[in-house]
Amino acid sequence: MSTAVERAESDAASRTLHVIAMGVSGSGKSTVGALLAEELGGEFVDGDDLHPAANVAKMAAGTPLDDDDRAPWLREIGARMAAATGTMVIGCSALKRSYRDLIRSAAPDTVFVHMRGSRELLAERMAARPEHFMPLSLLDSQLGTLEELEPDEHGVAFDVAEPPAQIVREAAEWLRA
Ligand SMILES: Nc1ncnc2c1ncn2[C@@H]1O[C@H](COP(=O)(O)OP(=O)(O)OP(=O)(O)O)[C@@H](O)[C@H]1O
Ligand SMILES: O=C(O)[C@H](O)[C@@H](O)[C@H](O)[C@H](O)CO
């Protein structure tokens, strides 16, 4: 027979979580998001795979997306999150407060795990993957558009200078607390 403490720990471990791995290009949304989903026993969806082809083409051509470009994509991400029956981690830049509000309007219990890093480190990581559709020239627009999590938002931020395994461990601990 398990103790009350063991039961509480097991409940927390098995709780269904709805998480957005957020951040600018190259911040580790895919890397950390996938590992976090695995750690939490959930599913990972890469938001880049949900962008309309026109959005990817626009970014690949070196033009930043605007609010109108992102709106249908954010609605799709909110719908995916709302439809998730188990733990779900979605990698999504979610750069502005209004974008996060849009996702929360569909899935109110969504928690945001923000990967933050210096311009230098992010540029270095983007430059090391030349096959990626996102050009390094869009990093400044990504950073210029980014609005940090506000105190009333449910979320937590990590420094991308830390190794992925450490971010995942700390994020999972925070999410389960
Ligand atoms: N914490 C980390 N420490 C070291 N390297 C990392 C870390 N996070 C990510 N990386 C590396 O940085 C690069 C960018 O990571 P990743 O593709 O996960 O970012 P992303 O935010 O999903 O990018 P994008 O949205 O532009 O596709 C990858 O080569 C990845 O291996
Ligand atoms: O909102 C945006 O501008 C986009 O989602 C970008 O952040 C990219 O898709 C991604 O980071 C790929 O590099």
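Right, let's walk through the structure included here. Bear in mind the structure is a predicted one, so any value in this text is a computation, not a measurement.

Overview of the site of ligand 1
Phase 1: The environment of ligand 1 is formed by 16 residues, the closest being Ser 25, Ser 30, Thr 31, Arg 129 and His 132.
Phase 2: A distance of 2.8 Å is found between an oxygen atom of ligand 1 and a side-chain nitrogen or oxygen belonging to Lys 29.
Phase 3: Within the side chain of Arg 129, one N or O atom sits 2.7 Å away from an oxygen atom of ligand 1.
Phase 4: Of all elements in the fold, only helix H2 (29–40) and helix H8 (164–176) reach the threshold of two or more residues within the shell around ligand 1.
Phase 5: For the shell around ligand 1, the element with the most residues is H2, which contributes three residues.

Some remarks on helix H4 (residues 67–83)
Phase 1: Taking 1.5 Å per residue, 17 residues should reach 24 Å; H4 reaches 24 Å between its end C-alpha atoms and fits that length.
Phase 2: Within H4, burial applies to Asp 69, Arg 70, Ala 71, Trp 73, Leu 74, Ile 77, Gly 78 and Met 81.
Phase 3: For H4, the capping residue at the N-terminal end is Asp 66, with a side-chain oxygen 3.1 Å from the backbone nitrogen of Asp 68.

Quick word on the sheet that holds strand E3 (residues 88–91)
Strand-to-strand pairing in sheets goes through backbone hydrogen bonds, with the strands running parallel or antiparallel.
Phase 1: Strand order in this open sheet of five strands is E2-E3-E1-E4-E5, and the pairing throughout is parallel. The strands lining the two open edges of the sheet, one partner per strand, are strand E2 (43–46) and strand E5 (155–159). Adjacent strand axes in the sheet meet at a mean angle of 20°, parallel and antiparallel pairs treated alike.
Phase 2: The strands that H2 touches are strand E1 (18–22), E2, E3 and strand E4 (111–116); relative to E2, the one it contacts most, it runs at about 165°.

Some remarks on the site of ligand 2
Phase 1: Residues in contact with ligand 2, as listed here, are Ser 25, Lys 29, Asp 48, His 51, Met 59, Arg 70, Trp 73, Ser 93, His 132, Phe 133, Met 134 and Gln 142.
Phase 2: Separating an oxygen atom of ligand 2 from a side-chain N or O atom of Lys 29 is a distance of 3.1 Å.
Phase 3: Between ligand 2 and Gln 142 there is a distance of 2.8 Å, counted from an oxygen atom to a side-chain nitrogen or oxygen.
Phase 4: Along the lines of polarity and charge, the residues of the shell around ligand 2 split into four nonpolar, five polar and three charged.

A few points about the pairing of E5
Phase 1: Along E5, the buried face is formed by Val 156 and Phe 158; none of Gly 155, Ala 157 and Asp 159, which line the opposite face, is buried.
Phase 2: Of the pairings in the sheet, the one linking E4 to E5 comprises five bridges and is parallel in character. For Phe 112, the partnering residue across the bridge sits in E5 and is Gly 155.

Regarding the pattern of salt bridges
Phase 1: Evaluated as defined, the whole model comprises 14 salt bridges.
Phase 2: In this structure, the salt-bridge partner of Lys 58 is Asp 69, at a minimum N-O distance of 2.6 Å. Remark: Asp 69 occurs in helix H4 and Lys 58 occurs in helix H3 (residues 53–60); sequence separation between them is 11 residues.
Phase 3: Residue Asp 69 is classed as buried on the basis of its relative accessible area of 18%.
Phase 4: Here Asp 101 ties to Arg 97 by a salt bridge, and the two come within 3.1 Å at their closest N and O atoms. With Asp 101 and Arg 97 both in helix H5 (residues 97–106), this residue pair falls four residues apart, about one helical turn.
Phase 5: By relative accessible area, which is 18% here, Arg 97 ends up buried.
Phase 6: One network of salt bridges, in which partners are shared, links Arg 97, Arg 100, Asp 101, Arg 104, Glu 150, Asp 152 and Glu 153.

Calculation criteria
- Residues numbered from 1 in each chain as written.
- Chains lettered and ligands numbered in written order.
- Predicted model: local features only at pLDDT ≥ 70, side-chain atom pairs only at ≥ 80, totals over all residues.
- Heavy atoms only, no water.
- Near = heavy atom within 4 Å.
- Polar contact = N/O pair within 3.5 Å; in protein donor to acceptor, adjacent residues only side chain to side chain.
- Helix = DSSP H or I, 4+ residues; strand = E, 2+ residues; numbered from the N terminus.
- Expected span 1.5 Å × (residues − 1).
- Buried < 20%, exposed > 50% of the residue type's maximum accessible area, 1.4 Å probe, protein only.
- Pairing = 2+ DSSP bridges.
- Axes fitted to C-alpha atoms, helices over the stretch in contact; angles between N-to-C directions.
- Contact = heavy atoms within 4.5 Å.
- Nonpolar A, V, L, I, M, F, W, Y, C, P; charged D, E, K, R; others polar.
- Salt bridge = Lys/Arg side-chain N within 4 Å of Asp/Glu carboxyl O.

Fair warning: the whole summary comes from geometry, so function is off the table for now.
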